[in-house]
Structures are given as C-alpha cells and as structure tokens.
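Given next are the chains, with one letter for each unit.
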Amino acid sequence: MAVRVRNDIWDLGDEADPWRDPVILAYAQAIAAMQALDDTDPDNGTSWVNQAAIHERQPGTPNDPNNLQDQCQHGGWYFLPWHRMYLWYFEDIIRSHMDDAAAGDWALPYWNYSDDAARRVLPPAFREPTLPNGDDNPLFVSQRRHFPNEINAGNPISSAAVLLTDAMLPSVFSRPNTSPVQGFGGGATGFLHNAPFAGPFENLPHGAVHVAVGGLLPDRTPDGFMSAFGTAALDPIFWLHHCNLDRLWEVWRRGSNQGHGPGANPTSSSWLTRSFRFVDRTAAIVRKRVEEVVDIEGQLGYTYVGLPAAPAVHRDAEARPEAVSDEQPPEMVGATEEPVTLKGATVATRLGVSAPTGPAKRDVAAGPEHVYLAIEDIEGEKNPGLLYGVFVNMPEGAPLDHESPYYAGTMSFFGIEASKSDEDEDDDDAPHMLRYAFDITPIVAKLKDEDRWDPEHLDVTITPIEAADEEIAAYDIAPVKIGRVSLYVE
C-alpha cells in the first residue's frame, strides 16, 4: 500500500506565501466543490453540511433520516479512533474532487500549534478572504473568535490552550469509567455521543483549541463554529486540528512521554471490534471497526512527518498487557457543598478535606501517591467562549495565569451544550455529564514545602485566563454551573 504523508500546514505555506504548496489550494478547491453540493444535491452525504452533520447536526435543524448525523464520540475511549475514521473518509472525499495526478499523494495537513509559539497563529491561508484568483476563499470563515483575541487578524491562541504536559502524562490509555481520573484516551465506555470520561488529552489541547478558535463573536449571534459540536466541522481548520490530535496519539503510542515509555492501545475486544458508520466518497454508508485503524501506515495508508518508528501492532488480546488500568479508583476526601456558577468573573470556593479511609490510606508522613482535583456535574446551555483556569491555594495578589506554580489546569467546556446522555437529552432534571480532573500532586508537594498546606481545607480559584474580569464584563457571557468541586487521592 502506498503511504501518503500528512505534513505540518505551516511547512506548506507561511505569511510570505500562504499558498506556496499546491496541497493547500487543492484543499480549498475541494471544499468549494463540497459546498456546491449543498445547493445542487443537498441529500448527498458527501456535501459540506452533511459531512459536518456526521459529527453533530447544526442546532435547530431537524434530524434527516436520509443522512448520517450525530455520531461523534466524546468523553470516552472511542474519541480517538472515531475521529481517526472520520478524518480518513473525509480525506478520501476531498481527493475525489481532484484530478488523478493531484489526488495521488494528496493528504490532509495538520496544524501543530504546540511546538513553536509562532505557529499558534491560525495558518495564513485560513485568514485570507480570497483565493489567489480572487474568488471567495472557502478556508476563511468569519465565525471565529473575536474576543479576547481576534483569530482571523493573526492573533495567536493562548499558550495555555496548547500545553501537552498533562495530556501526554498518563501511561495507560484508559481507566475504568468508575474513576473520576482518566487515562490518555478516556474511560472505557459503550457508544456514547458525549460521556463524562474524557482523558486529559481530550480536554487540552483538543477542547481548548476548539474554543480558542471558535470563542466569542462581537454579538454572540452565532458563536464561533469551532466552539460547539454542531458547528465545529463547518470550519475547515477543524480537520487540521484533528489531524494534529491523531498525530499526537501516534506520538504517545510510539515515543517516550513525560517520564514513561511508549503507550499501548487497548487490546480488549470491546474496544477493537466496535464499529462505526461513515459516508464514503460514493455517498454510501459504510462501517469500520477500531481494529481496522490502529496501524495508520499498514491499514490506512498514511503517516506523519517526523514520527518515531512504530512499535508492533498486536491484535491478539494475549499478546501484550491490557492498556486499561484496573487500579482501585481514587477515593474522594473532600467536596464543596454548594454549586458554583461562572459568568466571566473570578470565583473562589473552599472545600473541607478529610483523611482517606480506604486503599489510599497511607503513612501520614508519606501521604497519598497522587492527589486530584475534580470539577464535576458541569452544565450550561452554550459554550461561554472563554478558557477558565483553575488554581489551588493561591497566595493573595499572585498572578492568575497558567505559569503559576499553583495552576491546576484549564477548562474549555467544549461540548457543554451536549453534555447529557442521548436518552436524557430531553429530561431537564437529568444530570449533566461534563467534568474535568487535574493531577495536583506537584502543587500539594509545593504547598507542603512552603508550610501552606491545610489538611482540612482547600481553596480553589477559577478565573478566565485570557483577559481581565473588567474587559470581559462588556460581554454577555453564557453561564456555567459547576455542581461540585472535589478532591480525590490514591
């Protein structure tokens, strides 16, 4: 099988020449052809709108029985393989709109926003209103963030949105879905459009980049495409963002990450044999199993520039250890008693803490091996368009930014509007399913060294990290309700 190479978009075009490599223009022209189908053949599953609806249909549009809709997997261990399949079929649809010579080795580029600060800017071809021939540029959409930084003006997204340290930290792919703390790929689940078992990688950079590109528009009507499930895939940068995430999955699987060796994908049949439906280039609905996409070169015919050599891919469940940790779930040792509401301003809360009594109980001098802060039972009608930072026991007057030693993590609230299970979607009283968990073990160690650790209380500060409260006050920020802030140990 010929192996196509997915390249970094910034290596194909830059500020001096946004269209230098024909790969970029070919992508734009193919999208224009897909968008034309929206008018000429609206029932065609390969049209631009119908392809986006596979992820989730746009708000307010009816379910279309003629097309595949609302299939995206979030908040569990199918997040990565589902999006890999989605990209693969989409990439082939893009090639179907090219002549044979161009399509032969064409592959989707990826947007690597983490390794070089200069590349946190939206790639220039996506900021150009017109193509080189003067036609409207389908890569340019106006529904991108205006505040606190204007993405289409070439302002970079916040470095807090693209940090990889916590994302690459887990050494296992999944943990049981009874655990509030998850592995790299999310918790073991069934088919779920949106579940509460996301790993740190799905939160950041995945969700954070979505909101950093979508975010707030001047009048919030509508919000930026990338901020919500139902519109995200309407922005052409969506596909390059997810190509980068797919690449990082391979980096985690092949390389040494944050003190641990290469990661391993799950080997259980419940993960490998799960199949999902997609639309191929002929507009036929097809199925693909997870076990058919674990080897990108051998099974799917593509790779990424600069990847480490691939380890052997084992499909026999006895061939290697399971990549799901069956450790005892962390024990909750503290939680807030009242909900917390965020609406664009800094909020502080305190929770009482008690000593662990279960398996996490250890010699008092040694303390628990890991300490986690969880933000749970999150609900809201729409994404606030802001990234919120979480801080622990902040000293008075200390700057609230992600470089603080007391910074626990960032919340994007991507998917908040869909954060109920499918069967509970119409039940107003059903619990929402969005939550975050941050490993604050190093922060706790620092607080103990500073003699600032209170074993009975924990102070948590949550604040927008990209703009001051007084700047945000001019905007009508969608509220977010947090049901509980909790502390876990193991």
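Residues numbered from 1 in each chain as written. Predicted model: local features only at pLDDT ≥ 70, side-chain atom pairs only at ≥ 80, totals over all residues. Heavy atoms only, no water.

*Asks:* I'd like a rundown of the overall build of the chain, residues and numbers included.
*Replies:* Looking only at helices and strands, the chain features 10 helices and 13 strands. A total of 490 residues make up the chain; the buried ones form 56% of that total. Excluding contacts between residues fewer than 6 apart, the proportion of contacts in the chain whose partners are at least 24 apart in sequence is 73%. Accessible area for the chain stands at about 19500 Å²; split by element, carbon and sulfur atoms hold 48% of it. Taking the average location of the 36 positive side-chain charges in the chain and that of its 75 negative ones, the two points are 4 Å from each other. (Helix = DSSP H or I, 4+ residues; strand = E, 2+ residues; numbered from the N terminus. Buried < 20%, exposed > 50% of the residue type's maximum accessible area, 1.4 Å probe, protein only. Contact = heavy atoms within 4.5 Å. Areas by Shrake-Rupley, 256 points an atom, 1.4 Å probe, with all protein chains shown as cover. Lys, Arg positive; Asp, Glu negative; His and termini not counted. Charge placed at Lys NZ, Arg CZ, Asp CG, Glu CD.)

*Asks:* Any details on the packing of aromatic side chains? Residues and values, ideally.
*Replies:* Under the definition given, this model contains 31 aromatic pairs. For the ring pair F90 and W239, a centre distance of 3.6 Å and an interplane angle of 5 degrees mean the geometry is stacked. Taken together, the residues span a long stretch of sequence, with F90 in helix α3 (residues 79-95) and W239 in helix α6 (residues 237-254) at a distance of 149 residues. Judged by relative accessible area, which is 0%, W239 ranks as buried. Ring pairing ties together the aromatic residues W77, Y78, F173, F184, F191, F201, W249, W252, W271 and F276, which thus form one cluster. The lysine or arginine in question, R84, covers the ring of W249, its NZ or CZ lying 3.8 Å from the ring centre. (Phe/Tyr/Trp six-rings, centres within 6.5 Å; stacked < 30°, edge-to-face > 60°. Lys NZ or Arg CZ within 6 Å of the ring centre and 35° of its normal.)

*Asks:* Tell me about the confidence of the model for the chain, and please be specific about residues and values.
*Replies:* Confidence in the prediction of the chain, expressed as mean pLDDT, is 91, and 92% of residues score 70 or more. The low-confidence segment residues 315-321, where pLDDT is below 50, has 12 contacts with residues more than four positions distant or belonging to other chains. Counted against residues more than four places away or in other chains, residues 421-431, with its pLDDT under 50, gives 9 contacts. (pLDDT = per-residue confidence, 0-100.)

*Asks:* Now, about the side chain of R6: what can you tell me, with residues and values included?
*Replies:* In this structure, R6 sits in strand β1 (residues 4-6). A polar atom in the side chain of R6 sits 3.1 Å from the side chain of E91. Engagement of the side chain of R6 in a polar contact is seen with the side chain of Y304, the distance being 2.7 Å. Excluding its chain neighbours within four sequence positions, the residues that come into contact with R6 are L87, W88, E91, A107, L108, Y110, C243, D246, Y302, T303, Y304 and V305. (Polar contact = N/O pair within 3.5 Å; in protein donor to acceptor, adjacent residues only side chain to side chain.)

*Asks:* Tell me what's going on with the pairing of strand β7 (residues 347-353), and back it up with residues and numbers.
*Replies:* Where strand β5 (residues 331-335) meets β7, 2 bridges bridge the pair, whose relative direction is antiparallel. Residue pairing in the sheet places A335 in a bridge with G352 of β7. Bridge count for β7 against strand β12 (residues 457-464) is 6 bridges, and the pairing is antiparallel. What sits directly across from V347, in β12, is I462. (Pairing = 2+ DSSP bridges.)

*Asks:* An account of the packing of helix α5 (residues 200-213) against α6 is needed here, citing residue identities and associated values.
*Replies:* At a minimum axis distance of 11 Å, the contact between α5 and α6 shows a crossing angle of 160 degrees. Viewed along their axes, α5 and α6 adopt a mutual orientation that is roughly antiparallel. Once α5 is placed against α6, the crossing between them reads as right-handed. Between α5 and α6, the residues in contact are F201, P205, H206, V209, H210 and V213 and I237, F238, H241, H242, L245 and L248, respectively. For the contact of α5 with α6, the class distribution of residues is 8 nonpolar, 4 polar and no charged. (Axes fitted to C-alpha atoms, helices over the stretch in contact; angles between N-to-C directions. Parallel < 35°, antiparallel > 145°, perpendicular 65-115°, else oblique. Left-handed = near helix turned anticlockwise from the far one by under 90°. Nonpolar A, V, L, I, M, F, W, Y, C, P; charged D, E, K, R; others polar.)

*Asks:* Residue-level account of the pattern of salt bridges, with values.
*Replies:* Enumeration over the complete set of coordinates arrives at 26 salt bridges. In this structure, the salt-bridge partner of D92 is R281, at a minimum N-O distance of 3.0 Å. Of this pair, D92 sits in helix α3 while R281 sits in the loop between β2 (275-279) and β3 (285-289), and the two are 189 residues apart along the sequence. Of the residues examined, D92 reaches a relative accessible area of 23% and is grouped as partly exposed. D476 is the salt-bridge partner of K343, the closest N and O atoms lying 3.4 Å from each other. Of this pair, K343 sits in the loop between β6 (340-342) and β7 while D476 is found in the loop between α10 (469-472) and β13 (480-489), placing the two residues 133 residues apart along the sequence. Overall, the relative accessible area of 47% leaves K343 in the partly exposed class. By relative accessible area, which is 57% here, D476 ends up exposed. The network of salt bridges with shared partners includes R6, R84, E91, D92, R95, D246, E250, R253, R254, R281 and E297. (Salt bridge = Lys/Arg side-chain N within 4 Å of Asp/Glu carboxyl O.)

*Asks:* Report on α5, specifying residues and quantitative values.
*Replies:* For α5, with 14 residues, the first-to-last C-alpha span of 19 Å sits near the 20 Å given by 1.5 Å per residue. In the structure, α5 departs most strongly from a straight axis at G207, where the bend amounts to approximately 30 degrees. Among the 14 residues in α5, 13 count as buried, and that is most of the element. (Expected span 1.5 Å × (residues − 1). Bend = angle between axes of the 7 residues up to and from the residue.)

*Asks:* For the pairing of β13, give the residues involved together with the corresponding values.
*Replies:* For a regular strand, the rule is simple: side chains alternate between the two faces of the sheet. Of all 10 residues that make up β13, 7 are buried, and the element is covered over most of its length. Here 3 bridges tie β6 to β13, and the two strands are oriented antiparallel to one another. Paired with L342 across the two strands is V480, which belongs to β13. Alignment of strand β8 (residues 371-379) against β13, held across 8 bridges, turns out to be antiparallel. Paired with V371 across the two strands is V489, which belongs to β13.

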